[in-house]
Amino acid sequence: MPGSLAALALLWLAAPHTASAQGKLDARYEATLAGIPVGNGAWTIEILDDQFSAAASGGTAGLLKAFAGGSGTSASQGRIVNGALVATNYEGTAAWSKKSEVIHMTLVNGYVKEFAIDPQPPVDPDRLPVTDAQRHGVFDPMTGALLRVPGNGEVLAPDSCRTGAAFFDGRMRYELKLDFKRMTTVKSETGYQGPALVCAVYFTPVAGYIPERPVIKYLTAQRNMEITFAPLAGTRILVPYRMVVPTPLGTAMLEATRFVTQATPPRVAKTQ
């Protein structure tokens, strides 16, 4: 999947909400560049009353696969604390050409307590270091892809876009900010059809990156990136349905072809 799209599969800001809600998502996505299929992926999410899990996988496809084959996975698990998603573990894998890497992270209440990249990458003197303080108050990329809407009002509302958060992916610390753009209607081939929320997204690198890299400069300057969110039934969580990133080669887009979501009944405690 194109790196720009992977970088944008990220955005979430936690806020307390005491209502219990549960739901599941089974989604499939197609990535295109200038209208040409270049990749596909899958995403499953399960929200219970006291815990959650999310997992995604993807890889190149079509013509791109013949020139630059690659694949990756991402997964996180955690607890539901006062209605908020609090990740405890994250793992991401990537494979390309004859290389591969695995990223592990352990989190405690928004603090990345432990993290490792295997195999350990060489030290690059041009890369800005990430301090311990910068690993506090952050979200992992998978949990960060879920936009949670606090309160009891309408979930698909302009104010749901007006938020932002800090992220750490095992290598880079960055911030993403959302702003309301427009309301729209989506129609997947299988599953959800209905209203959706389009948010503009702005990327700001903080540490763990090489300032002179063209992709960092491009994403930082970009003002036309957007994410379309659709609701996860039974919850106050919005999930990316479509992501759009303009590039010098044409528009890069990741869009759901399958978006099957359902509310699940709460578990009933057994009594003697």
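Residues numbered from 1 in each chain as written. Predicted model: local features only at pLDDT ≥ 70, side-chain atom pairs only at ≥ 80, totals over all residues. Heavy atoms only, no water.

1. Quick look at the overall build of the protein chain
Check the secondary structure of the protein chain and you find four helices and 15 strands. The buried share of the protein chain, taken over its 272 residues, is 44%. Taking as baseline every contact in the protein chain between residues at least 6 positions apart, the subset at least 24 positions apart corresponds to 60%. With an accessible surface of roughly 13,400 Å², the protein chain has 56% of that area assigned to carbon and sulfur atoms. (Helix = DSSP H or I, 4+ residues; strand = E, 2+ residues; numbered from the N terminus. Buried < 20%, exposed > 50% of the residue type's maximum accessible area, 1.4 Å probe, protein only. Contact = heavy atoms within 4.5 Å. Areas by Shrake-Rupley, 256 points an atom, 1.4 Å probe, with all protein chains shown as cover.)

2. Here we look at the nonpolar core
Ranked by internal contacts, the top residues of the largest apolar core, which has 62 residues, are Trp43, Ile45, Val239 and Phe259. The greatest single-element share of this core, amounting to six residues, is contributed by strand E14 (residues 237-247). (Core = buried A, V, L, I, M, F, W, Y, C linked by side-chain atoms within 4.5 Å.)

3. Section: the environment of Thr163
Checked against the element boundaries, Thr163 lands in the loop between strand E8 (147-148) and strand E9 (164-168). Among the residues examined, Thr163 registers a relative accessible area of 14% and is labelled buried. Separated by 36 residues in sequence, Thr163 and Cys199 have C-alpha atoms that sit 10.0 Å apart.

4. Here's the deal with the pattern of salt bridges
For the coordinates displayed, the defined rule picks out twelve salt bridges. The salt bridge partner of Glu226 is Lys181, with a shortest N-O separation of 2.8 Å. One end of the pair, Glu226, is in strand E13 (residues 226-231); the other, Lys181, is in strand E10 (residues 173-187), with 45 residues separating them in the sequence. We classify Lys181 as partly exposed; its relative accessible area is 34%. Among the salt bridges present, the one from Lys217 reaches Glu212, with a minimum N-O distance of 3.0 Å. A relative accessible area of 44% places Lys217 in the partly exposed class. On the basis of relative accessibility, which here comes to 58%, the residue Glu212 falls in the exposed class. (Salt bridge = Lys/Arg side-chain N within 4 Å of Asp/Glu carboxyl O.)

5. Considering the packing of aromatic side chains
Ring pairs (aromatic) are described by centroid distance and by the angle formed between their planes. In this structure the tally under the stated criterion is seven aromatic pairs. Ring geometry for Phe167 versus Tyr174: centroids 5.6 Å apart, planes at 10°, classification stacked. Taking relative accessible area as the criterion, Tyr174 reaches 2% and is therefore assigned buried. Members of the aromatic cluster, each reached through a chain of ring pairs, are Phe139, Phe167, Tyr174 and Phe203. (Phe/Tyr/Trp six-rings, centres within 6.5 Å; stacked < 30°, edge-to-face > 60°.)

6. What about the confidence of the model for the protein chain?
Taken as a whole, the protein chain shows an average pLDDT of 88; of its residues, 87% reach a score of 70 or greater. Scored below 50 in pLDDT, residues 1-20 makes 73 contacts in the model with residues more than four places away or belonging to other chains. (pLDDT = per-residue confidence, 0-100.)

7. Topic: the environment of Gly59
By the element assignment, Gly59 lies in strand E3 (residues 51-60). Residue class for Gly59 comes out buried when judged on its relative accessible area of 10%. As for Gly59 and Ala42, which are separated by 17 residues in sequence, their C-alpha atoms are 9.7 Å apart.

8. A short note on the pairing of E9
Buried residues dominate E9, accounting for four of its five residues. Where E9 meets E10, five bridges bridge the pair, whose relative direction is antiparallel. Residue pairing for E10: Ala165 is matched across the bridge by Leu176. Hairpin connection from E9 to E10: four residues lie between these consecutive antiparallel strands, with Gly170 at a positive phi of about 100°. (Pairing = 2+ DSSP bridges.)

9. Digging into the state of the cysteines
A complete count under the given rule lists one disulfide for this structure. One disulfide in the model links Cys161 with Cys199; its S-S distance is 1.8 Å. Note on the Cys161 and Cys199 pair: the S-S dihedral is about -75°, so by sign convention the disulfide is left-handed. With Cys161 in the loop between E8 and E9 and Cys199 in strand E12 (residues 193-207), the pair connects residues that are 38 residues apart, well separated along the chain. Neither residue differs from the other here; Cys161 and Cys199 are each classed as buried. (Disulfide = S-S within 2.5 Å.)

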